[in-house]
Amino acid sequence: MQYDHSDIETRWREEWRKRSTYRVENDTTKPKYYVLDMFPYPSGAGLHVGHPLGYIASDIVARFKRHQGFNVLHPMGYDSFGLPAEQYAIQTGQHPAKTTEENAARYRQQLDAIGFSFDWDREVRTSDPSFYKWTQWIFIQLFESWYDHEAQRARPITELIARFGEQGWHPTDACALTGDVEEELGAFTASEWNTFDERTNQRILQHFRLAYLSEAWVNWCPALGTVLANDEVKDGVSERGGHPVERKRMPQWSMRITAYAQRLIDGLDTLDWSDSIKEAQRNWIGRSEGALVKFKLKAGEGNIEVFTTRPDTLFGVTFVTLAPEHELVESVTPTERREEVMAYVTTAKNRSERDRMADVKKVSGVFTGAYCIHPFTGKEVPVWVGDYVLGGYGTGAVMAVPGGDQRDWNFATHFGLPIIAVTEGADISKEADERKDAIICSEGFLQGLAVPEAITRAIDELVKLGAGERRINYRLRDAAFGRQRYWGEPIPIYYKDGVPYALPESELPLKLPEVDKFLPTEDGEPPLARAANWSYQGHPLETTTMPGWAGSSWYFLRYMDPQNEGRFASPEAIDYWQQIDLYVGGSEHATGHLLYFRFWTKFLHDRGYINFDEPAKKLVNQGMIQGRSAHIQRLNLSATINAGSTVLDNTESFVGFQKGDAVALYNHAPGPKLFISTELLNEWKRVHSDPSHPVERFMNGKLVSHGKLVSQAMGEEITIHVGGDVEHWTTSTIIPTDCIEGETLVNLDMLRQWRDDFADSQFIHKDSGFHASREVDKMSKSKWNVVNPDDIISKYGADTLRLYEMFLGPIEQSKPWDTNGIEGTFRFLRKFWNLFYESDVFSVSDEAPTKAEFKVLHATLKKVTEDIEKMSFNTSVSQFMIAVNELGALKCHKRDVLEPLTIALAPFAPHIAEELWQKLGHTTSVTTAIWPKWDAQHLVEDNFSYPISFNGKTRLQLEFPIALDAKSVEAAVLANPEVQQRLEGKAPKKVIVVPKRIVNIVV
RNA sequence: GCCCGGGUGGUGAAAUGGUAGACACGAGGGACUUAAAAUCCCUUGGUCCGUAAGGGCUGUGCGGGUUCAAGUCCCGCCCCGGGCACCA
C-alpha cells in the first residue's frame, strides 16, 4: 500500500479530536513541563510558513517530554486586540470582534492542519471579556501599589498612605520611594497629609502608583488618532500602518517599570535566554554608574546638573553644554545674547532627534554668554548650547571634557575652545583619549590616580563639597500605557472631580461599549468617548484603552487555569505549573513584550500572587522565515533648466513641479507610470555614469537627454526642451510574486490586471521581456510575498511540512523560504513507510534484529534524543534519513527495530507515526508510548579506521582494534609498507596518536 | 559609532581543535518500464596529471598567528543580517 498522507492525516486529526488526545489535566502526581509559543495576532492574511517554524519546534519538544512521562502544558491562543482589526473596522464599519473571530477561526483551521498537540480547551483570547477582566484586575493592582526601594518590592498603596499619615514625606525620600520622579513634590508633614483635601492626597499618590496618570511626552500619531509606545514607532512613523508620528506632551497612563530597572537587569543572570536577547534588554535598560555633578551658576540662583560616568575627568572640564530644549537655556542667557541663542535653539530643536544623532560629524552650537562655577577649581566655565546633547537623556546637560570625550573634542575644536589633557600619554592635538585604563594627569588631587580610584575620589570630594553625589542612571523610561483607540482593554478607571479612581473588582470586566464609529470624536477624544452612558455611578470612565502588550504580559498564567471565574488562575494551578520551561518566539520582541512580561511577573510576585519572579526559564528565538519579494523600478525624470527658458509641450503624461530653477518631471498621476526593466536599468546606470556614452545610444531612441527629452514609450512623442541635463532616479515598487514567471520575468498582463494603476503604465524593456529584481524580505502581506502552508499540506501533507521546516537549518537562523528541497523529506517518509511493507502488504517480522540493525536503531535513538534536548532538529531529521537508508539497504522489517523508531519519529511526524503504531497492533495512541532509551552496548565498535596523516594531511586509512594502545598503534602504523614508502626511509620527527581519532606523522 | 549574530559546494546545510562538505535538493549518467510516474544504482568543491586504476595541488570571507593538527582558538581587517543610539 502506498503512503497516502491525506487519508492518514485527516483520519487521525479527527480521531485525536474525538479522543481528546491532547487534553491536559492539572495532574499533580506527574512532573510538569510547560512549553509555550508566543501567541499570534490573528491577521487577515492567515498563517504563513514562517509562523509554524517555532510552533513545530515547540510541538516536538512538547511531544518528546510527554513520551518521557511529563505532564506537558502546551497551549495556544490569540493576541486578539490590535490595530489592523480596528483599521479594517474603520474602513468597512465591520465590528473588530467579528473580523477577529473570523481570522481566529481561519488560524485555528490552519493550525489544526499541521497536527499540533495543543490543548484547545485552554485557548485564551486577550479580547475575550473573561480574559481581559483579569488584565483589568492586574491593572488595578498596579494602580493600588507603590514601589518601596528600601524593601525592593511593590507594596499596597494603603501602606504608603498609612506611612504618610504617620511620618509625612520629605523630598530626600524621592529616590527611595518612587524610582522616577517626574515633577518636584514638596515636603509635607503627617498632620499636613491628614488635613489635605482628597484631591491633593490623590494628586500626591499619583507620584507613587505603579500605574499612574501624568503629563508625559508621547509619540502622537494624528492619522491613527492615537499614542504609540517607543517600540511601536519605526523611523518616525507608526510600525503598523506607517503614519507620521510627532512628539507631544499629554496626560497619559503610564507604568512605572523604571522602579524595576535593576531587578530586570539582575534577573537576566538567572535565565537561560540567548545572549543577544539579554544584551538587548541590558542596553534597553541602560544602566550606567557615575555621578551627578552640580555646576553653580555664576549669575543668579541655581545649578546646572549633569550626569557623568567619568567624574575622574572633572579637572578637564572646559565648558558645559546644554541641550537646546534644556529648561535653563532661556533663563541663563543674558538679554544681549538672547536673540542669537534662541534662534539657534529653534533651528536645533526642529531637527529631528534622529537627524541629530545620525549626524556626528556636523558640529553646531552657540555660546549662551553665561558662566557656571567649577566645583573643584572655582574657575568660571562657559555655558554653551549644542545639539549633540539630547534633551531626553540624563539631565539634558553635559560637562564637556574635550580631552577625554571625542564628541566634546569635536565641539571644542570646531569652536576653538580649550582642550586639557586628562590622561597620561594622551595626544590631545589629534583626538580625545577615552581609555579607562589610564592614569589621570590633570591638576589637583586626582593627579597620578588610575581611573577607577580617581572616580571614587572625585565623588567623595563632590559629596564633601555638596556639589554632587554618586548616581546610577538608567536609560529605561516608564512605559506609556494609554491608547486613543477602540480595540483594546478599557482601563478600569473613573474620574470623580477629575481625580482617577479604580473601579471596584465587582464591576469587572468593564466591557468595551458599542460605538457608532471606531474613530476619535470630532474634538479629538478617543473612540470610547462616543459610547452612550460611558460612566460609573454618574462619574465619567476613562476613554483610553490598554496597549497591545497588556494581555500578553500575563497570558501565560491564564493557560494554567483558563476557565477560573474567581481569580486570574488558582494558586494550586500556579503552584503546579510554575514558570514556563521553554518559551519560543521571535527575537523582535526582545525589548517590548519580553520586558513587560518580566515586569508584570515580578510585580505579581511582589504582591504575593505567584511564587516566582521570572516568567520563562528558557527562551529560544526562532529565526524569521523570509520571503523573496519582487521589486520593479519606476523611473522618474527631472531636468534642470534655466528659469524662463522652459518650453513644456504636451506634458499630460508628465507632471512637472517647478522648484527653484529645477523642474522635476514625475511621471505619476494623473499620467501613466513609467517602469524600467531591471537589466535595462542597470545597463543604463552603468553607461549613464560614463560621460562618453550619451543616453540615447542605449535607450534606443526612446529617451534622449541633453536638450531634448522624448518618450515614444508613452504612446506618443513628447518633446520637452530643457537647458540642462536630464536626471533620472528610480523608486522601487513591490509587486506580487504571483505575477512572476520563473525567477524574474514579469507577466505584464497579470500585473496590469492586478491593480488599476498598472493598467495604463508603460514598461520599458528589451525583447527578453520585463524583469523584476528579487530581494529577501520579511515575509508579510504588505510585501506580497506570503507563502501559505495550505498548498504544501495538500500536496505533501503536514508531516512533510513539519519535517521540512525543521530540516531547513538551525531553528534560530533566519532563512528565505524555498521549497526546493521538500521532495527529500517527502521521499524520506515514503521510504520509512515502505520499511513496514513488503510487496504492498503490511509485513513486520518478530525476528530478532542483527547486530548491524541494532546499531542503526541505537545510533539513531542516541542522536535524536540528544538533538531534541539541544533543539537541533535539522540534524535529527538527517539522522532519521540515514537510519531509513541503512535499514532499507539491510532490508530490515523487524518489529524490535521499527517500533522504537516509530515512537522516536512521532514528535516530528505524528500522523504517520500514529498510523504505523496502530498497524503494529497497538490500541493506545503513540503519544503515550514510553520514549525508547538508547543502549551503548549496541554502539560498541571493535575496530577503528585511523586516518593516517602526514603533517596534518590525511593520506591513508588503517584499521586497528579499538583496544590497541597508542604505542602499539604507532608501531603498527610505522611498520605499514605504504607508510614506509611515504617516509622514504627517513625517520619521522614525531608521531602523534590520538586513540580512536587520528594518527599524525610529522616529517 | 557601539553591541549581538553570521560568512563553508550550484542550493539548504553538517562537523567535542583531529579524515571539511554528513544529510538533502539540484545536476549528470545508468537500471526497470511500451511510456510516464514511482523506485533503485553510480558520479557530483575546484583544478591538474593519467587511457585507466589511481595520484598531485588547492579549498570553509581576507591577512597574520598559536598548534603535531585550525571551519573551530588568538590578533587585525572586509562584507551581510539584527539590535541600540552618542547616558557624555
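Residues numbered from 1 in each chain as written. Chains lettered and ligands numbered in written order. Predicted model: local features only at pLDDT ≥ 70, side-chain atom pairs only at ≥ 80, totals over all residues. Heavy atoms only, no water.

## What to know about the packing of helix α25 (residues 789-796) against helix α26 (residues 798-807)
Here is step 1: Orientation of α25 relative to α26, taken along the N-to-C sense of each, is 120 degrees, at an axis distance of 7 Å. Relative to α26, the element α25 is oriented oblique. Two secondary-structure elements touch here, α25 through Pro789, Ile792, Ile793 and Tyr796 and α26 through Ala798, Thr800 and Leu801.
Here is step 2: Residues that form the contact of α25 with α26 fall into these classes: 6 nonpolar, 1 polar and no charged. (Axes fitted to C-alpha atoms, helices over the stretch in contact; angles between N-to-C directions. Helix = DSSP H or I, 4+ residues; strand = E, 2+ residues; numbered from the N terminus. Parallel < 35°, antiparallel > 145°, perpendicular 65-115°, else oblique. Contact = heavy atoms within 4.5 Å. Nonpolar A, V, L, I, M, F, W, Y, C, P; charged D, E, K, R; others polar.)

## Regarding the sheet that holds strand β1 (residues 32-37)
Hydrogen bonding along the main chain pairs the strands of a sheet, whether they run parallel or antiparallel.
Here is step 1: Ordered by their spatial adjacency, 4 strands build an open sheet running β2-β1-β22-β23, and the pairing between neighbours is parallel. What marks the edges here is a single partner per strand, and that holds for β2 (71-73) and β23 (619-621). In this sheet, neighbouring strand axes are inclined to one another by 20 degrees on average, regardless of whether the strands run parallel or antiparallel.
Here is step 2: Pairing of β1 with β2 involves 3 bridges; the strand directions are parallel. (Pairing = 2+ DSSP bridges.)

## Brief notes about the pairing of strand β19 (residues 499-502)
Here is step 1: Along β19, one buried face is formed by Val499 and Tyr501 and the opposite face, lined by Pro500 and Ala502, is buried too.
Here is step 2: Pairing between strand β18 (residues 493-496) and β19: 4 bridges, direction antiparallel. When the sheet's bridge partners are listed, lysine 496 is paired in β19 with valine 499.
Here is step 3: Counted along the chain from β18 to the antiparallel partner β19, the turn is 2 residues long, and its residue aspartate 497 has a positive phi close to 50 degrees. (Buried < 20%, exposed > 50% of the residue type's maximum accessible area, 1.4 Å probe, protein only.)

## Things to note about the sheet that holds strand β39 (residues 943-950)
Here is step 1: Spatially, 4 strands are ordered β40-β39-β42-β41 in an open sheet, and the strand pairing comes out mixed. Edge strands, defined here as strands with exactly one partner in the open sheet, are β40 (953-961) and β41 (990-994). Averaged over neighbouring strand pairs, the angle between their axes works out to 20 degrees when direction is ignored.
Here is step 2: Two strands pair when backbone bridges link them, and β39 and strand β42 (residues 998-1002) are joined in this way by 3 bridges, in the parallel orientation. Within β42, the position partnered with serine 949 by the bridge is asparagine 1000.
Here is step 3: The strands touched by helix α32 (residues 966-975) are β39, β40, β41 and β42; relative to β41, the strand with the most contacts, the crossing angle is about 125 degrees.

## A look at the nonpolar core
Here is step 1: Phe139, Met255, Phe568, Tyr583, Trp600 and Phe908 are the most contacted members of the largest nonpolar core, which has 153 residues in total.
Here is step 2: Within the second largest apolar cluster, 37 residues are counted, among which are Ile304, Leu322, Val345 and Leu462. (Core = buried A, V, L, I, M, F, W, Y, C linked by side-chain atoms within 4.5 Å.)

## Comments concerning the pattern of salt bridges
Here is step 1: On inspection of all chains with the given rule, the structure shows 43 salt bridges.
Here is step 2: Residue glutamate 915 is joined to arginine 11 by a salt bridge in which the shortest nitrogen-to-oxygen separation is 3.1 Å. One end of the pair, glutamate 915, is in helix α31 (residues 910-919); the other, arginine 11, is in helix α1 (residues 5-19), with 904 residues separating them in the sequence.
Here is step 3: Under the relative-accessibility criterion, glutamate 915 is labelled buried at 6%. (Salt bridge = Lys/Arg side-chain N within 4 Å of Asp/Glu carboxyl O.)

## Description of helix α29 (residues 873-889)
Here is step 1: Between its terminal C-alpha atoms α29 stretches 25 Å, which fits the 24 Å expected from 17 residues at 1.5 Å a residue.
Here is step 2: Of the surrounding secondary structure, the elements contacted by the buried residues of α29 are α2 (51-67), α26, α27 (822-834), α28 (851-870) and α30 (895-905).
Here is step 3: One or two residues past the end of α29 sits lysine 891, with phi positive at roughly 50 degrees. (Expected span 1.5 Å × (residues − 1).)

## Overview of the side chain of histidine 911
Here is step 1: Relative to the assigned elements, histidine 911 resides in helix α31.
Here is step 2: A relative accessible area of 0% places histidine 911 in the buried class.
Here is step 3: With near-sequence residues (within four places) excluded, histidine 911 lies in contact with Ile8, Glu9, Trp12, Arg13, Trp16, Ile114, Gly115, Ala798 and Asp799.

## A closer look at the side chain of asparagine 71
Here is step 1: Here asparagine 71 shows up in strand β2.
Here is step 2: Reaching out from asparagine 71, the side chain makes a polar contact with the backbone oxygen of glutamate 25 at a distance of 2.8 Å.
Here is step 3: Within polar-contact distance, the side chain of asparagine 71 engages the side chain of tyrosine 576 at 3.0 Å. (Polar contact = N/O pair within 3.5 Å; in protein donor to acceptor, adjacent residues only side chain to side chain.)

## Regarding the packing of aromatic side chains
Here is step 1: Inspection of the entire model under this criterion finds 63 aromatic pairs.
Here is step 2: With a centroid separation of 6.3 Å and 40 degrees between ring planes, the pair formed by phenylalanine 481 and tryptophan 600 is classed as tilted. With phenylalanine 481 in the loop between β17 (479-480) and β18 and tryptophan 600 in helix α20 (residues 593-606), this pair connects stretches of sequence that are 119 residues apart. Comparing phenylalanine 481 with tryptophan 600 shows no difference in burial state: the two are buried.
Here is step 3: Judged by centre distance (5.4 Å) and plane angle (75 degrees), the rings of phenylalanine 880 and phenylalanine 908 are edge-to-face. One end of the pair, phenylalanine 880, is in helix α29; the other, phenylalanine 908, is in the loop between α30 and α31, and 28 residues separate them in sequence.
Here is step 4: An aromatic cluster is built from Tyr3, Tyr796, Phe826, Phe828, Phe832, Trp833, Phe836, Tyr837, Phe842, Phe873, Phe880 and Phe908, whose rings are joined through pairwise contacts.
Here is step 5: Of note, arginine 209 hangs over the ring of phenylalanine 143, and the distance from its end group to the ring centre comes to 3.9 Å.
Here is step 6: Stacked on the ring of tyrosine 212, the Lys or Arg arginine 256 has its end atom at 4.0 Å from the ring centre. (Phe/Tyr/Trp six-rings, centres within 6.5 Å; stacked < 30°, edge-to-face > 60°. Lys NZ or Arg CZ within 6 Å of the ring centre and 35° of its normal.)

Taken by themselves, the reported measurements are silent on function.
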